[in-house]
Every structure is written in C-alpha cells, then in structure tokens.
Amino acid sequence: MRDLRAMVEDLVMRGADDWVDAAEVAWVAKSIGQAVDDASIRELSIEVIRHVLDEGLMTIGDVSFDGFSMWELPTDEAIEKVERVWRGLGRAPNLGDVCWLENTETGTLFAERLFEQRDERGE
C-alpha cells in the first residue's frame, strides 16, 4: 500500500538535517511505499521525487566537495535524467548514485511543522 503523502513527509523531514540521495528515496519507497521489486521501487521513487519538486519542497542536483549544486533543468527534464541514470545503473542506487535532493526554505518550514506535530503526539 503506497502512501505518497507519508513518503513525501518522510523525505522532507530527512532533508531538514542533510541532503537526501536516491538510495534513501528508494529505501522510503520500499519501507513506506511498500514497493517490492526494482522496477516498482524506481517508479515510486521517481513519482515521489517529482512530487517534492513540483510542490517546491526540495530541489534536485549533485553533491561534491563544494556542496550541493542544483541542476538547472525544468522538472520534466530532471525527472527524465533521473530515470535514465537510474535505469542505466541496472540496480538499486547506492550512496551518491543518480541524484541528491535538498530542502527548499518551504520544505524546511514544512518539516519543522511535521516535527512539531510528531512531538505533540509524543512520537
């Protein structure tokens, strides 16, 4: 049972602390989205990535010794690149493969609200 909202919330909360790589997105697709095979993990991961980009919660790019470098691509082109690179791996991504995500200011504020709600519920 996939829960897109729960996956988005999880990624944005992860992004409040650090950049999020494709391997983490795949883990979220498996653990929260309950995707079971490589194709469904990839497809669900890409759907979640598109959602956080479309909602302005995260940006996509690469990480190097200089830090995060956002891709200067429209969302559709960025998603095409993610899909092409991910398929080219022929396996699930490892740390640093495919892409990285960074919270936007909006994403960080959203994550802070989610943390507050979680604390209020005593989780």
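What counts, and where the lines are drawn
- Residues numbered from 1 in each chain as written.
- Predicted model: local features only at pLDDT ≥ 70, side-chain atom pairs only at ≥ 80, totals over all residues.
- Heavy atoms only, no water.
- Patch = residues over 30% accessible without salt bridge, like charges linked within 9 Å, V, L, I, M, F, W, Y side chains within 5 Å.
- Areas by Shrake-Rupley, 256 points an atom, 1.4 Å probe, with all protein chains shown as cover.
- Salt bridge = Lys/Arg side-chain N within 4 Å of Asp/Glu carboxyl O.
- Lys, Arg positive; Asp, Glu negative; His and termini not counted.
- Charge placed at Lys NZ, Arg CZ, Asp CG, Glu CD.
- Helix = DSSP H or I, 4+ residues; strand = E, 2+ residues; numbered from the N terminus.
- Buried < 20%, exposed > 50% of the residue type's maximum accessible area, 1.4 Å probe, protein only.
- Pairing = 2+ DSSP bridges.

Caption draft 1: The arrangement of a negative patch on the surface in detail. There is a patch of like negative charges on the surface, built from Glu112, Glu116, Asp119 and Glu120. Mapped onto the fold, Glu116 is located in helix H5 (residues 105–121). Using a relative accessible area of 49% as the deciding quantity, one classes Glu116 as partly exposed.

Caption draft 2: Inspection of the pattern of salt bridges at higher detail. Evaluated as defined, the whole model comprises 6 salt bridges. With its nearest N and O atoms 3.1 Å apart, the salt bridge here joins Arg14 to Glu24. In this pair, Arg14 sits in helix H1 (residues 4–15) while Glu24 sits in helix H2 (residues 22–31), placing the two residues 10 residues apart along the sequence. Overlapping salt bridges, with partners in common, bring together Asp10, Arg14 and Glu24 in one network.

Caption draft 3: Expanded view of the sheet that holds strand E4 (residues 100–103). What the 4 strands build is an open sheet, ordered E1-E4-E2-E3; its pairing is antiparallel. Of all strands in the sheet, those with a lone pairing partner are strand E1 (20–21) and strand E3 (67–70), marking the two edges. Both E1 and E4 contribute to a ladder of 2 bridges, which runs antiparallel. Looking across to E4, one finds that Asp21 is bridged to Trp100.

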